[in-house]
Amino acid sequence: MLDFFAIFSKGGIVLWCFQGAGVSESFTGPVNALIRSVILQERTGNNSFNHNALSLKYKLDNEFELVFVVGFQKILTLTYVDKFIDDVQLHFRDRYKNELEQRGALKFLLNNFEFGEDFHNLLREAEDSSKAKAPASMRTFIESQKSQKTVKSMIDTKDGDKSKEQGGKKSKNAKKEGGDQAKAASQTVSKKTVENGGDGLTAEEIIERNRAKFISKQLGGGKPEKITSKSPKPQKPKGKAKRVWDMGGRNTGDLDYSGSNGNNYSDAQTQDYEASAEPLIQVDSMKGDLKGVDYESSDDDDDDDEDEEEEEEERVIVPDTNKKGAKKGGFGGMFGMLKGLVGSKNLTQEDMEPVLDKMKDHLIAKNVAAEISSQLCESVAKKLEGKVMGTFTTVASTVKLALQDSLVQILQPKRRVDILRDVLDARSQRKPFVITFCGVNGVGKSTNLAKISYWLIENGFSVLIAACDTFRAGAVEQLRTHQRRLNALHPPEKHAGRPAVQLFEKGYGKDAAGIAMEAIAYARNQGFEVVLIDTAGRMQDNAPLMTALAKLIAVNTPDLVLFVGEALVGNEAVDQLVKFNQALADHSKTDKPRLIDGIVLTKFDTIDDKVGAAISMTYITGQPIVFVGTGQTYSDLRSLNARAVVSALMKA
């Protein structure tokens, strides 16, 4: 049933392994994939991992730095695996505890761990306990409850129902009688009011009214005025008088400045004015590698935060120790607190739970997606469970340090994307380096494409911008404006009389994949070194546009696919990246579809220290953040500094 079972140290030394009968393929491939994709990437929150046709379950032993891995076919449903791997871990620890306490790679290599017999016994017990029980037979009629009922009990229940029905009828009749009495009372009242003239007046009031009518007739007047107690209607307030502004003018013709373009320049002079204004743009130099994102933080603030954290930790630990030490005299509280600080026990899930709950809420407040915050805390808990605490350390400090290390590991990519090196490599092969930008609407794809163009031009490369956003009105004009400004900053005289950046466009309403293909062919013929493809913004739920994007990438096979996302998003970042990758995989015709290779994080200057979107995006894709947009000018482009981002994320 099992393909393999392996026990190895976190240093990579295999202590013991088992391979099932008839299994010819080595287990090193799946285990190496588990180490590379899960353990090294701090994704141990879930204890399962799939590799090709195999399903792997693993368990970490943090006290002895061991990993237990079992592999079996994905199509099998083995319910006993979780309990089985726990039993193997406990038996292996108990049997070889003395050998495991002797740390060091040489000690592990010299020891011989003969665990085969115990393993097979545990496996046999687990398989026997999981065998399906025989289905329970149906009860006979005599064994059922219906056979216990008698005819008399059935008659009694019917009589009871009849009495209930009779009682119900009586209550209905009583309700009807009560309703008739209420109707009769209302009719007598209405008759009295009709006899009194319908005004509801008393007899004395009627006499006074008739007397007033008689006097008015004798005097020859008309109908007497009705004396009403109503207050007079309030007068309507006058409308607000229109204000006349001093500079407003009375004629609309006085407000028409279109003849002078609003700047007192004629149409013939506007182009000269723009051309003379472009070189006045002040942009910093960006030669070489990009600077990392940094945060300014004073030492005083950090010291205050540390003091607050220490106070919170003491509040968590001291009360329990005081209760135990109160019976032993005045020294009990002090020794109890020291016992909570000194590393004398292994960490358990109960010890870490209150601290992890606070950490989870803190991450969510810093804009990390809620689901990813839970997975990170679970991963840290599994990483620390069973680990011996250091001397004079608290649970909160240990958990916080482990979480910081995990976050730094997540933000540091599995592979480093060095665009300058890759462009030089492509130039040596006489072909352009192609980068495609994709993302949702309004995140800043075109603006950051222009920033990357400026960075490439500063490093001596020629750039061709392909306007493949044929949907949004003004998209081509926006890129043309960036092209004109970039050429003003780097005039053709500095590049052997050739423009540093050119725009390839075919207008609106055309096929984006076809325009990208023509642009790449044009760049190859004209000797451009980099092609930047700008695509239309699209929501992740728009199936037709996602299909068109997958077609563009599949047809043109760019060297780099960058997803442009905002630093402002929280849970939405997870949904966007998952659905973008899923759409690219679904609409690809190859076995290994082309997915997102990197991330451009924009609007990073607007979020202060709420940098959680960087964690969410990197955790979902496993791909690095290549560029970070930090402002409005062409030089506001940075690379990601993982430790600076984590320090801002953990700051209270």
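Residues numbered from 1 in each chain as written. Predicted model: local features only at pLDDT ≥ 70, side-chain atom pairs only at ≥ 80, totals over all residues. Heavy atoms only, no water.

A. Just the UniProt feature "domain: SRP54-type proteins GTP-binding" (unreviewed entry) in the protein, in detail. The positions UniProt marks with the feature "domain: SRP54-type proteins GTP-binding" (unreviewed entry) are residues 624-637. Secondary structure content for residues 624-637 is 0% helix and 43% strand, while the C-alpha to C-alpha distance between its ends is 16 Å. (UniProt positions renumbered as here; feature names shortened; annotations may be inferred. Helix = DSSP H or I, 4+ residues; strand = E, 2+ residues; numbered from the N terminus.)

B. Molecular detail of helix 15 (residues 445-458). For helix 15, which comprises 14 residues, the first-to-last C-alpha distance of 20 Å matches the rise-based estimate of 20 Å (1.5 Å per residue) to within 8%. For helix 15, the buried fraction is high: 13 of the 14 residues fall into the buried class. Where helix 15 ends, the next residue or the one after it, Gly460, has phi of about 90°, a positive value. (Expected span 1.5 Å × (residues − 1). Buried < 20%, exposed > 50% of the residue type's maximum accessible area, 1.4 Å probe, protein only.)

C. A look at the nonpolar core. Of all hydrophobic cores here, the largest spans 115 residues; its most connected members are Val399, Ile419, Trp455, Leu456, Ile533, Phe604 and Phe627. The leading source of residues in this core is helix 13 (residues 395-411), at nine residues. Those residues in contact with Leu456, other than ones at most four positions away along the chain, are Ile419, Leu420, Phe461, Val463, Val530 and Leu532. Core analysis: the second largest hydrophobic core is formed by 27 residues, Phe18, Tyr96, Leu100 and Phe113 among them. (Core = buried A, V, L, I, M, F, W, Y, C linked by side-chain atoms within 4.5 Å. Contact = heavy atoms within 4.5 Å.)

D. Main features of the pairing of strand 12 (residues 625-629). Burial of strand 12 is extensive: five of the five residues sit out of reach of the surface. Strand direction decides the pairing type here: strand 11 (residues 598-602) and strand 12, joined by three bridges, are parallel. Its bridge partner being in strand 12, Leu601 is matched across the sheet by Val628. Crossover handedness for the path strand 11 to helix 20 (residues 612-621) to strand 12: right-handed. Note: strand 12 against strand 13 (residues 637-638), two bridges, orientation antiparallel. (Pairing = 2+ DSSP bridges. Right-handed = clockwise from strand over helix to strand, strands pointing away.)

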